[in-house]
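Here are the chains, one letter per residue:
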Amino acid sequence: MTASSALATADWRRRVFGLYDDVRERAVSESPEASHALWRRGRDELFRRHPASALNEDAKPTFGGLAVAPYDPAFRFEALVDAEGAGEVMEVPTGTDGVVRFERLGSLTLQGLGTLALWRLSSYGGGLFLPLHDGTAGATDGS
């Protein structure tokens, strides 16, 4: 990794954290739907223009946006975190960041849908990770 690519990656992360801060603020001040629209526009702009984008330079001019489902209030939940699984460690090997470590904070139960594990990212800047899958997980063109 070169100094310029390391700086670009650091700037990417800073901008993503800023975008998510703006998204949370908009969800409170305007609406969850407006925050979802801001999140989509912000991510697409980063992918289209930022030097640390996963898109190569040839793909950027024709990039029309990431495939993201439209906002649907039926998939917005408030849930309590319980201690189930808390303290468990998950280490995920990646292609660029080595092994990324997560620590389980607990579980969330979504009525009628099931239980999800909530993880804390232990590296660069922290954050929460709530992995999920649906019936199309692992299928061709699935989630």
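Computed from a prediction, not measured in an experiment: that's the story for all the values here.

(A) Representation of the packing of aromatic side chains within the structure. The full count for this structure, using the stated rule, is three aromatic pairs. Aromatic pair Trp12 and Phe47: ring centres 5.4 Å apart, planes at 85 degrees, arrangement edge-to-face. Taken together, the residues Trp12 in helix α1 (residues 3–29) and Phe47 in helix α2 (residues 32–49) connect sequence positions 35 residues apart. For Trp12, a relative accessible area of 17% corresponds to the buried category. An aromatic cluster is defined as three or more aromatic residues linked by ring pairs; in this entry it consists of Trp12, Phe47 and Phe63.

(B) Examining the pattern of salt bridges more closely. The final tally for this structure, using the stated rule, is ten salt bridges. The salt bridge partner of Arg15 is Asp11, with a shortest N-O separation of 2.6 Å. Of this pair, Arg15 and Asp11 are both found in helix α1, four residues apart, which corresponds to roughly one turn of the helix. Taking relative accessible area as the criterion, Arg15 reaches 43% and is therefore assigned partly exposed. Put simply, Glu45 and Arg49 hold a salt bridge, and the shortest N to O gap is 2.5 Å. Of the two residues, Glu45 and Arg49 are both situated in helix α2; the distance of four residues between them amounts to about one turn of the helix. Judged by relative accessible area, Glu45 falls into the partly exposed class, the value being 33%. Ionic contacts of the salt-bridge type, sharing partners, join the residues Asp11, Arg14 and Arg15 into one network.

(C) Examining the packing of α1 against α2 more closely. At a closest axis distance of 8 Å, the pairing of α1 and α2 adopts a crossing angle of 165 degrees. With respect to α2, the element α1 is oriented roughly antiparallel. As α1 packs across α2, the resulting crossing turns out to be right-handed. Across the interface between the two elements, Trp12, Arg15, Val16, Leu19, Tyr20, Asp22, Val23, Arg26 and Ala27 of α1 pack against Pro32, Ala34, Ser35, Leu38, Trp39, Arg41, Gly42, Arg43, Leu46 and Phe47 of α2. In terms of residue class, the contact of α1 with α2 is built from twelve nonpolar, two polar and five charged.

(D) Focus on the environment of Gly18. Along the chain, Gly18 falls in helix α1. In the structure, Gly18 is positioned 116 residues away from Asp134 in sequence and 29 Å away in space, judged by C-alpha atoms.

(E) Representation of a nonpolar patch on the surface within the structure. A contiguous nonpolar surface patch, about 360 Å² in accessible area, is contributed by Phe75, Phe77 and Leu113. Checked against the element boundaries, Phe77 lands in the loop between α2 and β1 (81–82). Residue class for Phe77 comes out partly exposed when judged on its relative accessible area of 39%.

Cut-offs and rules
Residues numbered from 1 in each chain as written. Predicted model: local features only at pLDDT ≥ 70, side-chain atom pairs only at ≥ 80, totals over all residues. Heavy atoms only, no water. Phe/Tyr/Trp six-rings, centres within 6.5 Å; stacked < 30°, edge-to-face > 60°. Helix = DSSP H or I, 4+ residues; strand = E, 2+ residues; numbered from the N terminus. Buried < 20%, exposed > 50% of the residue type's maximum accessible area, 1.4 Å probe, protein only. Salt bridge = Lys/Arg side-chain N within 4 Å of Asp/Glu carboxyl O. Axes fitted to C-alpha atoms, helices over the stretch in contact; angles between N-to-C directions. Parallel < 35°, antiparallel > 145°, perpendicular 65-115°, else oblique. Left-handed = near helix turned anticlockwise from the far one by under 90°. Contact = heavy atoms within 4.5 Å. Nonpolar A, V, L, I, M, F, W, Y, C, P; charged D, E, K, R; others polar. Patch = residues over 30% accessible without salt bridge, like charges linked within 9 Å, V, L, I, M, F, W, Y side chains within 5 Å. Areas by Shrake-Rupley, 256 points an atom, 1.4 Å probe, with all protein chains shown as cover.

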